[in-house]
Amino acid sequence: MEQQQARLHRPATDSSHLSVTILSAVLSRTVTAPLERVKVIQQTAKSPLSSRAVMQLLVKGDSVRKGLFRGNGLNALRAVPLAALQFSTYDYTRNKLQDLPAPASISMAAACAGVLSVAVTYPLDLLRTRVSLMHSIPTSTEPLPQSQPHAPSQVEKSPLRHPPLSTLKLTRQIVLKEQGGFAALYRGLGLSCVGIVPYMSLSFVLYEAVKPSNSLSYFDKLVAASFATAAAQTATYPFEVVRRMLQVEGMYSAENAAANLDRKPEPVRTAFRIFKDVVRAEGYRGLFRGLLPNLLKVAPATGVSLYIHELLA
């Protein structure tokens with residue numbers, strides 16, 4: 001989304017602007033990959049974890065490079081079709097709706113771009129979430145009871161619960177072993193589409209509303225785009241938390257079934273059931289797990305995108 005905002009003041013679509021949009025999307029995701037992985041783990045952990053605890057866990061359970069950047073390859077790969085679809089769909093829809101008032105045309109074009117791009121690239125997003133959790137699925141930061149002095153803490157055990165798999169093996173495992181088969185790759189897609197509509201609409205409309213003029217300095221663009229992104233993400237953040245939990249739901253069921261061969265796999269929860277379980281266990285605060293690292297990555301991601309656009313476009 002930051003990549004789209006970075007070029008809203010530019011002319012219509014052409015190949016050079018598309019290339020710059022894709023490049024800025026890939027680079028901005030790579031720069032903020034450590035914060036993104038911390039966020040995903042906080043969102044999907046079975047009990048709340050602080051950002052500091054997750055960072056310690058990542059570095060301890062993996063090398064620094066793998067611990068902080070695991071899953072970024074898939075995230076960067078997904079950024080290519082995601083940015084291209086958002087770029088082309090937004091411009092096409094905005095041109096078709098040019099007779100409508102600006103807020104309405106911007107909102108509808110952004111929503112269409114968001115839904116289409118998310119629907120097409122969703123399996124890559126689910127795979128990226130799973131890869132981000134490999135070797136790092138903590139359940140608690142508390143040590144085991146003192147009655148077991150020689151037992152390792154749960155933090156020490158948790159990174160080894162899910163050894164890394166290649167993307168191909170992970171895809172086969174999801175399709176062949178989890179409930180739903182091939183459809184399991186799209187678990188949470190409906191909720192994603194519901195959440196992306198207000199997110200894209202809010203972010204684009206807010207950006208147009210807060211930017212003072214069409215001739216902005218780099219700093220003004222950064223502030224306007226960061227504010228719009230942060231506000232939209234915060235307003236729609238519970239959708240993302242529930243979606244992430246849906247994406248790993250089948251993984252936990254398969255894990256429990258493998259550990260208890262005499263038991264049937266646990267049924268995969270619906271989005272509404274996950275929402276109720278989170279609120280019951282943690283209150284509404286649980287729907288904002290990982291919000292801090294998410295907001296911390298807004299400014300650098302937006303800054304990188306804007307810089308690439310200013311440099312190359």
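This is a predicted model, so every value here is computed, not measured. All chains use their own residue numbering, which begins from 1 and follows the written sequence. Only residues with pLDDT of at least 70 are given local features in this predicted model, and only at 80 or more are side-chain atom pairs given and counted; all residues enter the totals for whole chains, interfaces and linings. Note that water and hydrogens are dropped before the side-chain values are worked out from all heavy atoms of the structure.

**Student:** Describe the overall build of the protein chain, with residues and values.
**Tutor:** The helix and strand tally for the protein chain stands at 14 helices and zero strands. Starting at the N terminus, helices and strands are each numbered in turn, a helix being any DSSP run of H or I of at least four residues and a strand any DSSP run of E of at least two. Mapped in sequence order, the helices and strands of the protein chain form the string α-α-α-α-α-α-α-α-α-α-α-α-α-α. Under the scheme applied here, a residue whose accessible area is under 20% of the maximum for its type counts as buried, over 50% as exposed, and between as partly exposed, the area being computed with a 1.4 Å probe on protein chains only. Burial statistics for the protein chain: of 313 residues in total, 51% are counted as buried. Long-range contacts, defined as pairs at least 24 residues apart, comprise 80% of the intrachain contacts of the protein chain with a sequence gap of at least 6. Of the roughly 14,600 Å² of accessible surface on the protein chain, a fraction of 64% belongs to carbon and sulfur atoms. Pairs of residues are marked as contacts when any of their non-hydrogen atoms sit within 4.5 Å. Note that accessible areas follow from Shrake-Rupley with a 1.4 Å probe, and for residues the cover is restricted to the protein chains shown.

**Student:** Summarise the packing of aromatic side chains; cite the residues concerned and give the values.
**Tutor:** Aromatic rings from Phe, Tyr and Trp, with only the six-membered ring used for Trp, were paired whenever their centres fell within 6.5 Å, and each pair was classed as stacked if the ring planes differed by under 30 degrees, edge-to-face if by over 60, and tilted otherwise. Throughout the structure, instances matching the rule amount to three aromatic pairs. Aromatic side chains F182 and Y186 sit 6.0 Å apart centroid to centroid with 55° between the ring planes, which places their arrangement in the tilted category. Between the aromatic rings of Y237 and F288, the centroid separation amounts to 6.2 Å while the plane-to-plane angle is 15°, which identifies the pairing as stacked. Here Y237, found in helix α11 (residues 218-259), pairs with F288, found in the loop between α12 (271-282) and α13 (291-296); they are 51 residues apart in sequence, far enough to count as distant.

**Student:** Residue-level account of a nonpolar patch on the surface, with values.
**Tutor:** On the surface, a nonpolar cluster with roughly 360 Å² of combined accessible area is contributed by F272, F275 and Y284. The topology assignment puts Y284 in the loop between α12 and α13. Y284 gets classed as exposed once you look at its relative accessible area, which sits at 57%. A patch is a set of surface residues, each over 30% in relative accessible area and not in a salt bridge, joined within 9 Å for like charges and within 5 Å for the nonpolar side chains Val, Leu, Ile, Met, Phe, Trp and Tyr. A carboxyl oxygen of Asp or Glu within 4 Å of a side-chain nitrogen of Lys or Arg is what we treat as a salt bridge.

**Student:** Outline the environment of H135, supporting the account with residue identities and numerical values.
**Tutor:** Position of H135 among the secondary structure elements: in the loop between α7 (102-133) and α8 (154-157). It is 8.8 Å that separates the C-alpha atoms of H135 and G67, two residues lying 68 residues apart in sequence.

**Student:** Let's hear about the pattern of salt bridges: which residues, and what values?
**Tutor:** Here the structure, examined in full by the defined rule, presents 17 salt bridges. We note a salt bridge from K39 to E36, for which the minimum N-O separation is 3.2 Å. Taken together, the residues K39 and E36, both in helix α3 (residues 33-44) and three residues apart, mark about one turn of the helix. D125 is paired through a salt bridge with R243; the nearest N and O atoms lie 2.6 Å apart. Taken together, the residues D125 in helix α7 and R243 in helix α11 connect sequence positions 118 residues apart. Residues D125 and R243 agree in their burial class; the two are buried. Taken together, the salt bridges that share partners define one network made up of E36, K39, R78, D125, R128, E240, R243, R244 and K297.

**Student:** A description of the nonpolar core should follow, citing residues and the corresponding values.
**Tutor:** Ranked by size, the top nonpolar core spans 23 residues in total, and within it Y90, L127, L170, I174, M200 and F204 carry the most contacts. Considering every element that reaches this core, the biggest residue donor is α7, with nine residues. Among residues more than four places away in sequence, those in contact with I174 are L126, L127, R130, G181, A184 and L185. Think of a nonpolar core as a cluster: buried Ala, Val, Leu, Ile, Met, Phe, Trp, Tyr and Cys residues, connected wherever their side-chain atoms sit within 4.5 Å.

**Student:** Give me helix α2 (residues 15-31): which residues, what numbers.
**Tutor:** Counting along an α-helix, one turn takes 3.6 residues, and residues three or four places apart therefore face a common direction. One fewer than the residue count of a helix, multiplied by 1.5 Å, yields its expected span. Over its 17 residues, α2 extends 24 Å from the first C-alpha to the last, a length consistent with the 24 Å expected when each residue adds 1.5 Å. Of the positions making up α2, those classed as buried are H17, V20, T21, I22, S24, A25, S28 and R29.

**Student:** Kindly report on the packing of α7 against helix α9 (residues 167-177), identifying the contributing residues and their values.
**Tutor:** Contact pair α7 / α9: the axes reach a minimum separation of 11 Å and the direction vectors enclose 105°. The angle between the axes of α7 and α9 places the two elements in the roughly perpendicular class. Of the residues in α9, those in contact with L126, L127, R130 and V131 of α7 are T167, L170, T171 and I174. Only Asp, Glu, Lys and Arg are considered charged, only Ala, Val, Leu, Ile, Met, Phe, Trp, Tyr, Cys and Pro nonpolar, and every remaining residue, Gly among them, polar. Of the residues assigned to the contact of α7 with α9, the class counts are five nonpolar, two polar and one charged. The axes are straight lines fitted to the C-alpha atoms, using for helices just the contacting stretch, and the angles between their N-to-C directions are given from 0 to 180°. For classification purposes, angles smaller than 35 degrees are called roughly parallel, those larger than 145 roughly antiparallel, those between 65 and 115 roughly perpendicular, and all remaining angles oblique.

**Student:** Outline the side chain of T302, listing residues and values.
**Tutor:** In this fold, T302 is placed in helix α14 (residues 298-312). Polar contact is the term for a pair of N or O atoms within 3.5 Å; when the atoms are in protein, one must be able to donate a hydrogen and the other to accept it, and sequence-neighboring residues count only if both atoms are side-chain atoms. Within the local environment of T302, its side chain forms a polar contact with the backbone oxygen of V298, the two atoms lying 2.8 Å apart.

**Student:** Describe the confidence of the model for the protein chain, and please don't skip the residues or the numbers.
**Tutor:** The predicted coordinates of low-pLDDT regions are not to be read in fine detail. What pLDDT reports is the predictor's confidence in each residue, on a scale of 0 through 100. Chain-level pLDDT for the protein chain is 80 on average; 78% of the residues reach the 70-or-more range. Note on residues 6-13: pLDDT under 50 across the span, and 25 contacts to partners over four residues away in sequence or across chains. In the predicted structure, residues 136-161 sits below a pLDDT of 50 and forms 43 contacts with residues beyond four places in sequence or in another chain.

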